[in-house]
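So the chains spell out like this:
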Amino acid sequence: MRAPSQCWLTDMDGVLVHEDHALPGAAEFLAALIDKARPFLVLTNNSIFTPRDLSARLARSGLKVPEESIWTSALATAAFLGDQLPGGSAYVVGEAGLTTALHEVGYTLTDNSPDFVVLGETRTYSFEAITKAIRLIINGARFIATNPDVTGPSAEGPLPATGSVAAMVTKATGREPYFVGKPNPMMFRSAMNRIEAHSESTTMIGDRMDTDVIAGIEAGLDTILVLTGSTAEADIARYPFRPGRVLPSIADVIELV
């Protein structure tokens, strides 16, 4: 029997917001965390934006989340590389969320014999940049990607995401990337270190079985699947693992805080 959770991790899209609109109960859930002084982080595999950008985006939807309470795959990737090779160098295919995070851990961004090629999310993938990444990897740079998601959401429908571009680079180089973001439990462990959380008293809330729930289980956390995002209740039986709880929405989590 697990003790009541003292710390909380929650996915963003599909749990708190959907297409920049707050989901019912999200504001009240966040208020409950703050009122009860529960340490928490909002997690996202999106590496395009900085925490400041995402905090502003959430504020526009009516959700108050300070930037220090947001943990992205870009931050997790930067933390990982900072531990692996302090003061290293990287060639980055990505946006400000990723380049800023790498600068903040002391990395030099270069296309001249970098230690790593780091692939993140961007809406402006260029043939030139991908060609450069492929040649650097062939010449010995280690291949890192922020997250394995093959598509991302948009108002118009799915968009190709980091995992799709990584597959193309792998095909050209024969090198598989190391993915840092969900479902790698490393992203959760780095987040938990940030808020000094312990696995036995931390809960992860997500809307995807294949990223949020499995990574939470592998990190030793209690898990809650909400049905307001990618996973429908009928989908759960397809997986060989189960979340700790399945709830209709984040509104139903408030009483557990």
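Read on for an overview of the structure. Keep in mind it's a predicted model, so treat the numbers as computed, not measured.

Reading the values: the criteria
Residues numbered from 1 in each chain as written. Predicted model: local features only at pLDDT ≥ 70, side-chain atom pairs only at ≥ 80, totals over all residues. Heavy atoms only, no water. Buried < 20%, exposed > 50% of the residue type's maximum accessible area, 1.4 Å probe, protein only. Helix = DSSP H or I, 4+ residues; strand = E, 2+ residues; numbered from the N terminus. Right-handed = clockwise from strand over helix to strand, strands pointing away. Pairing = 2+ DSSP bridges. Core = buried A, V, L, I, M, F, W, Y, C linked by side-chain atoms within 4.5 Å. Contact = heavy atoms within 4.5 Å. Axes fitted to C-alpha atoms, helices over the stretch in contact; angles between N-to-C directions.

**Focus: the pairing of strand β14 (residues 222-226)**
Thought 1: When you tally the buried positions in β14, you get five out of five residues, the bulk of the element.
Thought 2: Regarding the hand of the β-α-β motif, the stretch spanning strand β13 (residues 202-206), helix α8 (residues 209-218) and β14 is right-handed.
Thought 3: Of the pairings in the sheet, the one linking β14 to strand β15 (residues 245-247) comprises three bridges and is parallel in character. Within β15, the residue paired with Ile224 across the bridge is Arg245.

**Considering the nonpolar core**
Thought 1: Core analysis: the largest hydrophobic core is formed by 31 residues, its most contacted members being Leu9, Leu43, Trp71, Leu81, Val118 and Phe188.
Thought 2: Of all the secondary-structure elements, those providing two or more residues to this core are β1 (7-11), β4 (40-44), α3 (73-84), β6 (89-93), α4 (96-104), β8 (116-119) and α7 (185-195).
Thought 3: It is α3 that contributes the most residues to this core, six residues altogether.
Thought 4: When sequence neighbours within four positions are dropped, the list of residues in contact with Leu9 reads Leu41, Leu43, Phe188, Ala191, Met192, Ile195, Thr202, Thr203, Met204, Ile205 and Leu221.
Thought 5: If you look at the next biggest cluster of nonpolar residues, it comprises 24 residues, including Met12, Leu16, Val17 and Ala32.

**Quick word on the environment of Val92**
Thought 1: The residue Val92 is located in strand β6 in this model.
Thought 2: For Val92, a relative accessible area of 17% translates into the label buried.
Thought 3: Distance in space between the C-alpha atoms of Val92 and Thr110 is 8.0 Å, their sequence separation being 18 residues.
Thought 4: Once residues within four sequence positions are removed from consideration, Val92 is found in contact with Leu98, Thr99, Leu102, Leu109 and Val118.

**Brief notes about the sheet that holds strand β5 (residues 70-72)**
Thought 1: Read from one edge to the other, the open sheet built from six strands follows the order β5-β4-β1-β13-β14-β15, with strand pairing classed as parallel. The sheet is open, and its two borders are formed by β5 and β15, each paired with just one other strand. Averaged over all pairs of adjacent strands, the angle between strand axes in this sheet comes to 25 degrees, irrespective of strand direction.
Thought 2: As judged from the four bridges shared by β1 and β4, these two strands associate in the parallel manner. The partner of Thr10 across the bridge, within β4, is Val42.
Thought 3: Its contacts with the sheet place α8 against β1, β13 and β14, and it is angled at close to 165 degrees to β14.

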